[in-house]
Amino acid sequence: MKAQILTSFLIGSNLVNAYALKPRVISPGEKLDKYDYVIIGGGHAGGVVAARIAENSKASVLVIEAGPLDQDEEIAIVPGKAGAIMGTKYDWNFTTVPMEFAGARSIAVPAAKVVGGGSVMNGMAFDRGAASDYDAWNDLGNKGWGWKDLLPYFKKHEHFHPPPKDIAEQYGITYEASAHGFDGPIHASYPPFQDPLSLPWIKGLNSLGIPKERDGHNGRALNVFWSPNALDPKSMTRSYVKPGYYLPATKRRNFHALLGNTVTKVVTKKVGKKIVVTEIEYTTGPGAAKQRVRVGKEAIVSAGAIGSPRLLQISGIGPSALSKSLGVTPVVDLPGVGSNYQDHSYQFVFNFLTNSTQAPPPTDAEAAAEYYANKTGPWTRSGPTLFAFLPFKTFTENATSILSSWKAQSPAAHLAAGSSTEVVKGYSKQVEVLTKRLATNLMAMTEYVWTGGSVLLSAQHPLSRGTIKAASTDVFQQPLIDLRYGSNPLDYKVLADSVRWLRKALQTAPELAALGPIEFAPGPDVQTDEQFAANFAGSITTMFHSCCTNPMQPQKIGGVVDDKLKVYGVDNLRVVDASIIPLIPGTHIQATVYAIAEKAADLILRGR
Ligand SMILES: Cc1cc2nc3c(=O)[nH]c(=O)nc-3n(C[C@H](O)[C@H](O)[C@H](O)COP(=O)(O)OP(=O)(O)OC[C@H]3O[C@@H](n4cnc5c(N)ncnc54)[C@H](O)[C@@H]3O)c2cc1C
């Protein structure tokens, strides 16, 4: 791919080269020899952290991103086309290895390869977890990462727009202004089109004793609630890192971005007793010459939940045995790198609504015409704005016994073979934290996404843990990605009970039963735990929330970064992206990624 360098340059006092350049596109030869901060990956978190650091005009910042800039194509910015970007040139197009407990299937794991990363590719659902999800991070030993600590960063990136009056009245959309930010770069708004079948779903849940929360953004992302999309209400297009952070940053003279360049190695050196990152090695493509840039202060790895652990591993920062098997000299033995892989898997329950009086939805051509003519209609909505996140005891009487079974399991029993003692200890601690919090009604266990009859069920706190392993030192060869869905059999048990509850809800809640739902998949033949497990193994797939592969937790329990996001054992290296999440929160994770990146930038700017 043709290398692109977008730039704006610096007169930073601490720069080696004394270019006095205006913002413009330059050739690779014009890059500086050394930058204070080199950010690897200009994706979602990387784009935010780079732009924020560059607000300090004295700091020189270079972002190296493997992908290009999107060109405002429909697939990037039109809500109704969200998802169509998967499988294109903006996707790394990763697939898993055959997954042992998921029918030996390999599945696609979309991962963005474009400026703004997942913020360009995602479904624009824009919500936060419950307070308990983040307080659990604190429980693991991470000071400053509880709900109250993160709330200012959730607000900082957000520009909230209250719902239009007519929509709010028709659908009962409520919000709490105190939970929101009003001047951040990312617009959060409610599309003018909502699904009329949302109303019987809310009423049905209410009649089963599940309350509607005023606002899921206030720490109670539980039960049923409305939530905005990452949507600019003026243009009715996606609100994301490129317009919100990246383009404004390119106007700064101290900000450079090197696009279409892939980092191949974090180069370290022993200085006294310390390991220090001295250079970053990168290239324009397979077989092309490798180049280097010097790191003045810090390197920040923001290559995503798959890219970041892989890059650390091929740089000798990771499990030493893996480094050696790759022919890499180990730099720091960090067994947690590439472990602890978590995701929200999902399973559909498909229903026909035999009594629905809803008119058939418009065709794609009609929806497109309406969108382009008036910026109204179904294409203004990318995905769900109504959420149901149910606490464990809400949907199964087996919650207590399942939690007891979790605690009784031998921690190593279901982890990947060869997991280190530290990783096993970390997992054990995570189970302890989760079982305590899931026993309350303050943490969600299953998300139910109502799609007007059919329902997508997603396990929010899986016990299965996957792995990412570099297959070779070649960054252009895909790593071994193993989500290991179902490796802990209790995950399938939880999901089976989630489906059972849904079936009952659809038949007993009067507002839902009135729609005449008839299930056609998994279908009435699937009843026992064993039948469910077999069904899930054949169909379960990703909800695209890969995370947790460089967990922030103490090193002795398999952590990779500390609570300042600094990599253990390396003096000037941080990781800032979804990989640092220790426990996946019960939410779609993009707002959490924004908050992580905002907090990281704050730590860096304050010299922490
Ligand atoms: C298909 C999809 C749908 C989703 N839907 C939603 C949703 O509706 N709501 C929600 O809340 N969340 C959603 N998410 C999740 C959310 O968008 C992601 O979790 C988040 O964007 C990840 O951010 P990140 O910074 O960790 O990684 P990324 O945004 O993936 O950034 C990593 C960047 O690093 C670059 N990179 C990787 N390796 C290298 C290298 N060696 N050299 C240089 N650059 C490199 C990549 O090209 C990429 O740009 C979705 C995700 C996907 C993939």
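Under an unreviewed UniProt entry, the name given to the protein is Alcohol oxidase, and the organism recorded is Ascobolus immersus RN42. In UniProt, the protein has this text filed under Sequence similarities (unreviewed entry): "Belongs to the GMC oxidoreductase family." On record in UniProt, under Cofactor (unreviewed entry), the comment for the protein is "FAD".

The environment of the ligand is made up of 42 residues, and the closest members are Gly-41, Gly-43, Gly-117, Gly-118 and Gly-123. Going through the elements one at a time, helix H1 (44-53), strand S4 (61-65), helix H3 (118-121), strand S13 (262-271), helix H9 (304-314) and helix H18 (590-605) are the ones with two or more residues in the shell around the ligand. Tallying contributions element by element places H9 first for the shell around the ligand, with four residues. Its residues assigned to classes, the shell around the ligand shows 21 nonpolar, 18 polar and three charged.

In terms of nonpolar packing, the biggest core is built from 165 residues, with Val-38, Ile-40, Val-49 and Val-61 touching the most fellow members. By residue number, the principal contributor to this core is H18, which donates nine residues.

A separate point is the UniProt feature "binding site: FAD" (unreviewed entry) in the protein. Under the local residue numbering, the UniProt record ascribes the feature "binding site: FAD" (unreviewed entry) to Val-114 and Val-263. A maximum C-alpha distance of 14.2 Å is found for the annotated residues, which run over 150 residues; spatially they form one tight group. The residue Val-114 is located in the loop between strand S6 (108-109) and H3 in this model. Residue classification places Val-114 among the buried residues on the basis of 27 C-beta atoms within 10 Å. Setting aside residues no more than four positions away along its own chain, Val-114 makes contact with Gly-67, Pro-68, Asp-70, Tyr-90 and Val-120.

Here is what the cut-offs are and how they apply
- Every chain's residues receive numbers from 1 upward, in the order its sequence appears when written.
- Since the coordinates come from a predicted model, pLDDT governs what is reported: local features require at least 70, and pairs of side-chain atoms require 80 or more to be given and counted, while whole-chain, interface and lining totals use all residues.
- UniProt positions are given in the numbering used here, feature names are shortened, and annotations may be inferred rather than shown by experiment.
- Only the C-beta atom matters for this test: placed from the backbone, it must lie within 6 Å of a molecule or strand for the residue to be near it.
- Put simply, DSSP H or I for four residues or longer makes a helix, DSSP E for two residues or longer makes a strand, and each gets a number counted from the N terminus.
- For this scheme, ten residues count as nonpolar: Ala, Val, Leu, Ile, Met, Phe, Trp, Tyr, Cys and Pro. Four count as charged, namely Asp, Glu, Lys and Arg, and the remainder, Gly too, count as polar.
- Residues of type Ala, Val, Leu, Ile, Met, Phe, Trp, Tyr and Cys that are buried and joined through C-beta atoms within 7 Å form what is called a nonpolar core.
- Labels follow a simple rule on C-beta atoms placed from the backbone: if 20 or more others lie within 10 Å of a residue's own, it is buried; if 12 or fewer, it is exposed; otherwise it is partly exposed.
- The contact criterion used is a C-beta to C-beta distance within 7 Å, with each C-beta placed from the backbone.

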